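Spelled out from the first residue to the last, the chains are:
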Amino acid sequence: MTTLFEPTRLGDIALANRIVMAPLTRNRAQAGNVPGPLTVEYYRQRASAGLIIAEATQISPMGQGYLDTPGIHSPEQVAGWRKVTDAVHAGGGRIVLQLWHVGRISHSSLLPDGAQPVSSSAHRPNAKTFTREGFVDTSAPRALRDDEIPDLIEDYRRAAVNAIEAGFDGVEVHAANNYLLDQFMRDSVNDRSGPYGGSIANRTRLVVDIMKSVAGAIGAARTGIRLSPVTTFNDTPRDSDPQALYGHLIRELAPLGLAFVHMIEGETGGARAPADLVTPFDYAALKQSFAGGWIVNNGYDAPTATKVVADGAADAVAFGRPFISNPDLVRRLRENAPLNPLRAELLYGGGAEGYTDYPALP
Ligand SMILES: Cc1cc2nc3c(=O)[nH]c(=O)nc-3n(C[C@H](O)[C@H](O)[C@H](O)COP(=O)(O)O)c2cc1C
């Protein structure tokens with residue numbers, strides 16, 4: 001029976017164990033959205049994870065949606081991340097970067113020259129974001145023109161190349177939690193006509209093109225994707241047929257030979273089986289059409305994570321909140337040690353408190 005503590009491979013990425021640190025936005029980037037010394041220390045402390053998926057990181061200035069989130073589009077950002085990856089590698093860990101474009105979950109004050117956020121369509125969600133002025137309503141988005149899509153794909157490709165230059169072992173394209181790529185995939189948002197709207201094949205085209213471009217640039221075996229087929233996070237209703245939509249996407253991605261799919265099961269950070277979901281989502285059906293690595297996430301603890309790996313239903317399990325408050329989560333799971341409680345008021349922004357001051361076991 002496979003345990004959480006056995007090594008595995010996700011494409012070319014060799015993991016010492018199957019416990020993954022989920023991507024976690026902490027809003028502690030420094031001037032220029034550059035990760036600083038505290039961020040180096042934060043990830044260094046967590047290097048015993050089999051794999052760290054570093055926090056969502058904007059691929060371009062237009063991809064930003066919250067204050068003080070890091071980027072991977074400037075030389076200074078690449079240099080800042082290089083210190084993080086060096087520290088994790090020195091600790092024997094592996095780390096990939098989550099590539100992010102928020103789409104309509106943004107505010108003009110965060111965007112170049114006060115620009116309008118961009119999305120598949122000009123529908124404003126009833127969502128808030130965090131700016132220098134505190135929590136504010138997101139700004140009304142505009143629909144990207146078809147002739148702007150090639151530049152967007154190029155931004156993802158270049159960000160992936162920058163991530164490799166910064167020493168990452170690979171990238172995870174963020175196609176979850178209703179940011180830009182979900183805004184294209186879901187018919188609850190996307191009402192475009194043309195090559196990126198209408199049919200499921202058209203709505204998934206952008207994601208598939210991005211995955212091909214990124215995999216072509218850095219290697220499919222270093223490229224993964226994160227999905228959340230039924231989450232309504234960010235005030236975004238589900239697609240009218242999530243099973244068909246994400247099933248089609250996985251079948252399109254399967255031939256690329258990607259390193260992994262990272263699946264958020266249920267409502268991100270909430271119910272694994274949402275009560276309002278009439279037909280339960282069949283994740284196993286998606287896994288069946290994908291030969292690469294399969295990471296699962298959302299509300300796992302030691303017994304449920306142990307079981308999903310033992311059953312062969314996943315290759316690895318990602319932990320989010322438990323990794324924030326337990327830098328040595330792998331050891332604690334192995335030794336069945338108690339976990340530190342999370343200080344939720346210190347999640348977003350600030351300094352060392354609630355970031356690098358959670359104690360490891362003596
Ligand atoms: C503080 C915080 C920040 C998060 N930031 C991200 C992020 O940057 N990218 C992402 O895909 N998910 C993000 N999530 C979602 C987590 O990766 C994860 O899916 C969620 O916490 C559920 O896993 P858990 O039950 O193990 O915490 C975030 C969650 C929290 C609590």
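Residues numbered from 1 in each chain as written. Predicted model: local features only at pLDDT ≥ 70, side-chain atom pairs only at ≥ 80, totals over all residues.

Draft legend 1. Seen up close, the overall build of the chain. Secondary structure assignment for the chain yields 11 helices and 14 strands. Relative to a compact globule of 362 residues, whose C-alpha radius of gyration would be 21 Å, the chain shows 19 Å and is just as compact. Structurally, the chain occupies a C-alpha span of about 55 × 45 × 40 Å along its principal axes. Per-residue burial for the chain yields a buried fraction of 49% across its 362 residues. For the chain, long-range pairs separated by at least 24 residues make up 74% of all intrachain contacts whose partners lie at least 6 apart in sequence. (Helix = DSSP H or I, 4+ residues; strand = E, 2+ residues; numbered from the N terminus. Rg over C-alpha atoms; globule rule 2.2 N^0.38 Å. Buried ≥ 20, exposed ≤ 12 C-beta atoms within 10 Å, placed from the backbone. Contact = placed C-beta atoms within 7 Å.)

Draft legend 2. Here's a closer look at helix α2 (residues 75–90). Compared with an ideal rise of 1.5 Å per residue, which puts 16 residues at 22 Å, α2 spans 22 Å between its outermost C-alpha atoms and is within 8% of the ideal. Burial in α2 covers these residues: Gln 77, Gly 80, Trp 81, Val 84, Thr 85, Ala 87 and Val 88. Within α2, the buried residues cover an arc of 160 degrees as seen down the axis, which keeps them to one side. Turned more than 90 degrees away from the buried face of α2, the exposed residues are Pro 75 and Ala 90. Looking at the buried residues of α2, the elements they touch are α1 (37–45), β4 (51–58) and β5 (95–100). (Expected span 1.5 Å × (residues − 1). Arc of directions from axis to C-beta.)

Draft legend 3. Region of the structure containing the site of the ligand. Around the ligand, the surrounding shell holds 23 residues, and the nearest of these are Ala 22, Thr 25, Ala 56, Gly 320 and Arg 321. For the shell around the ligand, the secondary-structure elements that each account for two or more residues are β4 and α10 (321–325). Across the shell around the ligand, the residue classes break down as 10 nonpolar, 10 polar and three charged. (Near = placed C-beta within 6 Å. Nonpolar A, V, L, I, M, F, W, Y, C, P; charged D, E, K, R; others polar.)

Draft legend 4. Structural context of the sheet that holds strand β12 (residues 260–264). Read around the barrel, eight strands follow the order β3-β4-β5-β10-β11-β12-β13-β14 and close on themselves; strand pairing throughout is parallel. For this sheet, the mean angle separating the axes of adjacent strands, direction not counted, is 25 degrees. Both strand β11 (residues 223–227) and β12 contribute to a ladder of four bridges, which runs parallel. From the neighbouring strand, Arg 226 faces β12, where its bridge partner is His 262. (Pairing = 2+ DSSP bridges. Axes fitted to C-alpha atoms, helices over the stretch in contact; angles between N-to-C directions.)

Draft legend 5. Just the packing of helix α3 (residues 149–165) against helix α6 (residues 205–218), in detail. For the pair α3 and α6, the least separation of the axes is 9 Å and the interaxial angle reads 35 degrees. Handedness of the α3/α6 crossing: right-handed. Counted together, Ile 149, Ile 153, Tyr 156, Arg 157, Ala 160, Val 161 and Ile 164 of α3 and Leu 206, Asp 209, Ile 210, Ser 213, Val 214, Ala 217 and Ile 218 of α6 form the full contact between these two elements. Residues belonging to the contact of α3 with α6 are distributed by class as follows: 11 nonpolar, one polar and two charged. (Left-handed = near helix turned anticlockwise from the far one by under 90°.)

Draft legend 6. Summary view of the pairing of β5. Within β5, six of the six residues are buried, which leaves the element mostly enclosed by the surrounding structure. Both faces of β5 are covered, namely the face carrying Ile 95, Leu 97 and Leu 99 and the face carrying Val 96, Gln 98 and Trp 100. Strand direction decides the pairing type here: β4 and β5, joined by six bridges, are parallel. Residue pairing for β5: Thr 57 is matched across the bridge by Leu 99. Handedness of the crossover joining β4 and β5 through α2: right-handed. Of the strand pairs in this sheet, β5 and strand β10 (residues 170–175) are connected by four bridges, and their pairing is parallel. The partner of Val 96 across the bridge, within β10, is Gly 170. (Right-handed = clockwise from strand over helix to strand, strands pointing away.)

Draft legend 7. Spatial organisation of the environment of Gly 224. Position of Gly 224 relative to the elements: it lies in strand β11. Sequence separation of Gly 224 and Asp 241 is 17 residues, and the distance between their C-alpha atoms is 24 Å.

Draft legend 8. Main features of the packing of α1 against α2. Contact geometry for α1 and α2: axes closest at 8 Å, N-to-C directions at 25 degrees. In terms of their interaxial angle, α1 and α2 are classed as roughly parallel. The crossing of α1 and α2 is right-handed. In this structure, α1 contributes Thr 39, Val 40, Tyr 43 and Arg 44 to the contact, and α2 contributes Lys 83, Val 84, Ala 87 and Val 88. (Parallel < 35°, antiparallel > 145°, perpendicular 65-115°, else oblique.)

Draft legend 9. Highlighting the pairing of strand β13 (residues 293–297). Buried residues dominate β13, accounting for five of its five residues. Here β13 shows a buried face lined by Gly 293, Ile 295 and Asn 297 and a second buried face lined by Trp 294 and Val 296. Across five bridges, β12 lies against β13 in parallel orientation. Looking at β13, one finds that Met 263 is bridged to Val 296. Following the chain from β12 across helix α8 (residues 283–288) to the adjacent parallel β13, one finds a crossover that is right-handed. Sheet topology note: the β13/strand β14 (residues 316–319) ladder contains three bridges and is parallel. Counted as the bridge partner of Ile 295 is Ala 316 from β14. Crossover β13 to β14 through helix α9 (residues 302–310) is right-handed.

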